[in-house]
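Listed below, chain by chain, are the residues.
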Amino acid sequence: MPLEQVLVLLAAAVGAGWVDAVVGGGGLLQLPAVLMTGMPPVQAMATNKLSSVFGTASAAVTYARTTKLDRQVALPGAGLAVLSSGLGASAAAAITADVLRPAVMVVLLAVAAFVTLRPALGAVPQPHLRTNVRVAVAIATAGVLIAFYDGIMGPGTGTFLIVAFTTILGLDFVSASASAKIINTGTNIGALFVFAWQGHVQWGLGLAMAVCNIAGAQLGARMALRRGAAFVRVVLLCVVAAMVAKLAWQQFA
């Protein structure tokens with residue numbers, strides 16, 4: 001691979017790590033960059049997972065040191081996520097992106113509208129929303145549904161997790177992002193295990209990108225913790241808008 005392409009991928013990995021650490025959606029930058037090298041889609045997804053798992057885990061550690069994690073949801077959700085994401089990765093070659101893109105675009109537009117119309121969402125914790133039923137729903141939503149999506153397609157997983165935790169459990173955006181990183185680490189591990197077993201991972205490139213992804217993740221996590229929920233909300237809306245535009249371009253262009 002030419003040096004210029006490698007440098008572009010490393011730069012994309014830094015940006016992806018930053019975005020992922022704040023609101024998720026780093027695959028919006030990293031996966032297209034890998035695909036531009038001409039790598040087959042499944043190999044690109046596999047190499048993207050190898051890089052992402054290190055950055056996400058790094059951000060999770062940084063959040064855990066400075067903010068309270070919702071361990072009652074994050075830990076069982078992460079366990080389920082490993083299995084569900086692995087199942088999604090197993091089915092990745094069987095389901096085309098053209099089938100998933102329209103559904104994902106609708107969900108993203110709904111997320112953008114919901115967050116825009118409810119400016120108080122995620123600004124402060126709403127502990128009165130938390131019930132045993134809602135905790136179970138949050139675990140199932142994050143650890144099964146969203147994790148399966150991450151295995152089969154991926155981009156936007158962290159964003160979906162954050163929105164799920166703020167709407168279902170009433171967490172603020174920073175706490176939701178911290179818990180999302182634990183589950184997203186699980187989804188990356190599950191998918192990576194399957195992709196590696198199938199022989200799709202480009203290890204050298206993926207590990208080099210992982211170093212850059214960690215650097216970006218550390219910057220993003222520290223910035224989110226320092227600037228708070230309002231900053232996370234703005235970045236979330238920007239990332240959602242960019243993902244909708246990208247998916248629409250791929251679907252209709």
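Overview of the structure. Counting of residues starts from 1 at the beginning of each chain's written sequence and follows it residue by residue. Totals for whole chains, interfaces and linings use every residue, but because this is a predicted model, local features are given only for residues with pLDDT of at least 70 and side-chain atom pairs only at 80 or more, for both listing and counting. Processing note: side-chain calculations cover all non-hydrogen atoms of the structure and skip hydrogens and water entirely.

Thoughts on the nonpolar core
Threshold: Only buried residues count toward a nonpolar core. Its members are Ala, Val, Leu, Ile, Met, Phe, Trp, Tyr and Cys residues joined through side-chain atoms within 4.5 Å. Residue burial is assigned from relative accessible area. The probe radius is 1.4 Å, only protein chains are included, and a residue is buried under 20% of its type maximum, exposed over 50%, and partly exposed in between. Every helix listed is a DSSP run of H or I at least four residues long, and every strand listed is a run of E at least two residues long, numbered separately from the N terminus. Between two residues, a contact is recorded if the distance between any of their heavy atoms is within 4.5 Å.
If you look at the biggest cluster of nonpolar residues, it comprises 80 residues, and the most contacted ones within it are Val 23, Phe 165, Leu 169, Leu 236 and Val 240. At 11 residues, helix 8 (residues 173-197) tops the list of elements feeding residues into this core. Not counting residues within four places of it along the chain, the set of residues in contact with Leu 169 comprises Asp 70, Val 73, Gln 126, Leu 129, Arg 130, Arg 134, Val 135, Ala 138 and Ala 164.

A closer look at the side chain of Thr 67
By the secondary structure assignment, Thr 67 is in the loop between helix 3 (41-66) and helix 4 (71-90). A residue is classified by how much of its surface remains accessible, and Thr 67, at 19% relative accessible area, is buried. The contacts of Thr 67, once residues within four sequence positions are left out, are Val 174, Ser 175, Ala 178 and Leu 225.

As for the pattern of salt bridges
Rule in force here: Each salt bridge in this description consists of a side-chain nitrogen of Lys or Arg and a carboxyl oxygen of Asp or Glu lying within 4 Å of one another.
Overall, the coordinates contain 2 salt bridges when judged by the stated rule. Among the ionic pairs, Arg 130 bridges to Asp 70, the shortest N-O distance being 2.5 Å. One end of the pair, Arg 130, is in the loop between helix 5 (97-117) and helix 6 (132-152); the other, Asp 70, is in the loop between helix 3 and helix 4, and 60 residues separate them in sequence.

Notes on the packing of helix 6 against helix 8
What counts here: To get an axis, a line is fitted to the C-alpha atoms, and for a helix only the part in contact is used. The angle between two axes follows their N-to-C directions and goes from 0 to 180 degrees. Here roughly perpendicular refers to angles of 65 to 115 degrees, roughly parallel to angles under 35, roughly antiparallel to angles over 145, and oblique to all remaining angles. Note on convention: near helix rotated counterclockwise from far helix by under a right angle means a left-handed crossing. Clockwise means right-handed. Classes in brief: Ala, Val, Leu, Ile, Met, Phe, Trp, Tyr, Cys and Pro nonpolar; Asp, Glu, Lys and Arg charged; the others, Gly included, polar.
Contact geometry of helix 6 with helix 8 gives a least axis separation of 9 Å together with a crossing angle of 45°. In this view, helix 6 runs oblique relative to helix 8, as classed from their interaxial angle. Our pair here, helix 6 against helix 8, has a crossing hand that is right-handed. Across the interface between the two elements, Ala 142, Ala 147, Asp 150 and Gly 151 from helix 6 touch Ile 183, Asn 184, Thr 187, Asn 188, Ala 191 and Phe 195 from helix 8. Residues of the contact of helix 6 with helix 8, tallied by class, amount to 5 nonpolar, 4 polar and 1 charged.

Considering helix 4
Heads up, the rule is: Working rule for helices: expected span equals 1.5 Å times residues minus one. The angle separating two fitted axes, one through the seven residues that finish at a residue and one through the seven that start at it, defines the bend at that residue.
Taking 1.5 Å of rise per residue, the 20 residues of helix 4 would be expected to cover 28 Å, and the 28 Å separating its terminal C-alpha atoms lies within 8% of that figure. When the local axis directions of helix 4 are compared, the greatest deviation, roughly 30°, occurs at Ala 81. Restricting attention to buried positions, one finds in helix 4 the residues Val 73, Ala 74, Gly 77, Ala 78, Ala 81, Ser 84, Ser 85, Gly 86, Gly 88 and Ala 89. Looking at the packing, one finds that the buried side of helix 4 touches helix 6, helix 7 (157-169) and helix 8.

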